[in-house]
Amino acid sequence: MNRIAWTSDSCALLTEVTREFDDTRPFAGLAIGTGIHLEPKTAALLLTLQRGGAEVVATGNLNTTQPATVEFLRAQGITVIGRQTADPAEHDAYLREVLAARPQLVLDNGGDLFARYLEDPYPTLVGGTEETTSGRARLAPLRDRLARPILVINDSPIKQFAENRHAVGQSVLESFLRITNRSTNGRRVTVFGYGACGQGVAINFRNAHARVSVVEPDPVLRLEALLDGFAVPDRDDALAEADIVVTVTGAAHVVRATDLPRLRDGAVLMNAGHLPHEIDGDAIRADPNVTGVDDGAEGIDTVHLTDGRRVHLLTGGHMVNLAGPRPLGNSIESMDLGFALQARCLEAVALGRVDANACVVPVPRDIDESVAAAFVRLANAA
Ligand SMILES: NC(=O)c1ccc[n+]([C@@H]2O[C@H](COP(=O)([O-])OP(=O)(O)OC[C@H]3O[C@@H](n4cnc5c(N)ncnc54)[C@H](O)[C@@H]3O)[C@@H](O)[C@H]2O)c1
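All figures in this text were calculated on a predicted structure; none of them were measured in a lab. (Residues numbered from 1 in each chain as written. Predicted model: local features only at pLDDT ≥ 70, side-chain atom pairs only at ≥ 80, totals over all residues. Heavy atoms only, no water.)

Novice: So what exactly am I meant to see when it comes to the sheet that holds strand β13 (residues 310-314) here?
Specialist: Think of a sheet as strands paired side by side through backbone hydrogen bonds, with each pair either parallel or antiparallel. If you trace the 7 strands from one edge of the open sheet to the other, you get β8-β7-β9-β10-β13-β12-β11, paired in mixed fashion. The open sheet terminates on both sides in strands that have one partner only, identified here as β8 (211-215) and β11 (290-295). For this sheet, the mean inter-axis angle between neighbouring strands, taken without regard to orientation, is 20°. When strand β10 (residues 268-271) meets β13, the two strands line up parallel, connected through 2 bridges. Note on β13: the bridge partner recorded for Leu-269 is Leu-313. (Pairing = 2+ DSSP bridges. Helix = DSSP H or I, 4+ residues; strand = E, 2+ residues; numbered from the N terminus. Axes fitted to C-alpha atoms, helices over the stretch in contact; angles between N-to-C directions.)

Novice: How should I be thinking about the site of the ligand in this particular structure?
Specialist: Near the ligand, the surroundings consist of 24 residues, among which Cys-197, Glu-216, Ala-272, His-274 and Asn-321 are the closest. The side chain of Ser-134 places a nitrogen or oxygen atom 3.2 Å from an oxygen atom of the ligand. Here an oxygen atom of the ligand and a backbone polar atom of Cys-197 are 3.0 Å apart. For the shell around the ligand, the elements supplying multiple residues, two or more each, are α7 (133-139), α9 (157-180) and α10 (196-207). (Near = heavy atom within 4 Å. Polar contact = N/O pair within 3.5 Å; in protein donor to acceptor, adjacent residues only side chain to side chain.)

Novice: How do you make sense of the sheet that holds strand β4 (residues 105-108) when you look at a structure like this?
Specialist: Sheet architecture is open: 7 strands sit in the order β3-β2-β1-β4-β5-β6-β14, paired in parallel fashion. Since the sheet does not close on itself, it has two edges, and those belong to β3 (79-80) and β14 (359-362), each with one partner. Note that strand β1 (residues 31-35) and strand β2 (residues 55-59) share 5 bridges and pair parallel. Looking at β2, one finds that Thr-34 is bridged to Ala-58.

Novice: Would you mind going over the packing of aromatic side chains with me for this structure?
Specialist: How two aromatic rings sit relative to each other is set out by the distance from centre to centre and by the angle between their planes. Within the structure shown, the criterion is met by 4 aromatic pairs. Relative to Phe-205, the ring of Phe-176 lies with its centre 6.0 Å away and its plane at 65°, an arrangement referred to as edge-to-face. Here Phe-176 is found in helix α9, whereas its partner Phe-205 is found in helix α10, with 29 residues between them in sequence. What makes Phe-176 buried here is its relative accessible area of 1%. With a centroid separation of 5.9 Å and 70° between ring planes, the pair formed by Tyr-194 and Phe-230 is classed as edge-to-face. Of this pair, Tyr-194 sits in the loop between β7 (188-192) and α10 while Phe-230 sits in the loop between α11 (219-227) and α12 (235-241), and the two are 36 residues apart along the sequence. No difference in accessibility class separates Tyr-194 from Phe-230, as the two residues are buried. (Phe/Tyr/Trp six-rings, centres within 6.5 Å; stacked < 30°, edge-to-face > 60°. Buried < 20%, exposed > 50% of the residue type's maximum accessible area, 1.4 Å probe, protein only.)

Shown next, in the form of structure tokens:
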């Protein structure tokens, strides 16, 4: 409760939007269905939507739901379906239950709800938003069938630099320190992926005095990493050198069981990408060179190899900054910006300011500009 209050108090932008929604009620008579990480910061967003007149029907994401947040939201009259689960079948059932409420608006994360909507479409769906890169990739090929305004928050330049570059990097570093309680000084860190998130992860570990290399298949981004001062070895060499490996790509099986022979004894593996399959934990556990996996400290799985080496996997391969012990996620300020974009985009869809041509497209420029201007105004006034 204290954490939720602290978070809401720290969301200056969202507080301003909420006050406005009290008067304008853009979602009056509408239900908003969502499947986002349920933690103290998203609670602030859901309460803002509720204050805008929406009936909110929410479930969490795989493995990241925080029970105290669920309890709080239910007490505020928000319908929360299910509970924390790492079981994909159980999570799937919760998502379908959200859609069974036939929400007119959907705030999606990873394309989970819109993809399932297409299996059982209903005409009253107006449209909504998608939060992530992974969701955009999943939904873009489905545009013809979705045929509704769906604004992709992640494609806003604000989201890219405020959250993905600055905040994900900070919180992944913070998660490594909190979970392992080990220092980063002089450690060799390999970051897979040099998109917005990977850039922030690489910069933050470098700022924490680690020696950082980047593995990135896109030659242009690889060049950028080199010019930014990072080593850009081949992936196998990078893995063989690393004390710490971070995946943040959006791709599957970036680190595989076949990589086990080249990993250093004591290497720490962690994933910050949306889905847990970036590090193929299932294949690693089943590999014949693995004699067993045991719980190290909380949030650390230790994989024992036949030759005596040990490799540590943080938070079971789930997003390291959102799963595991006492996860805090990205900074409140970065989320405040992202949530203001969410609230303004859902408002634009609800009020018919964007039409079906805006299906899986970036945030409209006027919304970016108004959110950026409001943040700067509030920061200067503070
Ligand atoms: N943990 C968080 O809080 C958080 C927040 C935002 C986004 N994400 C997730 O992080 C992931 C990355 O997001 P982004 O915005 O940086 O995406 P992005 O598309 O900008 O960058 C991903 C990069 O990974 C590279 N890549 C793909 N396959 C690779 C491989 N096998 N090895 C090395 N690099 C590879 C791509 O070329 C690309 O440059 C996504 O899954 C996104 O959903 C996580």
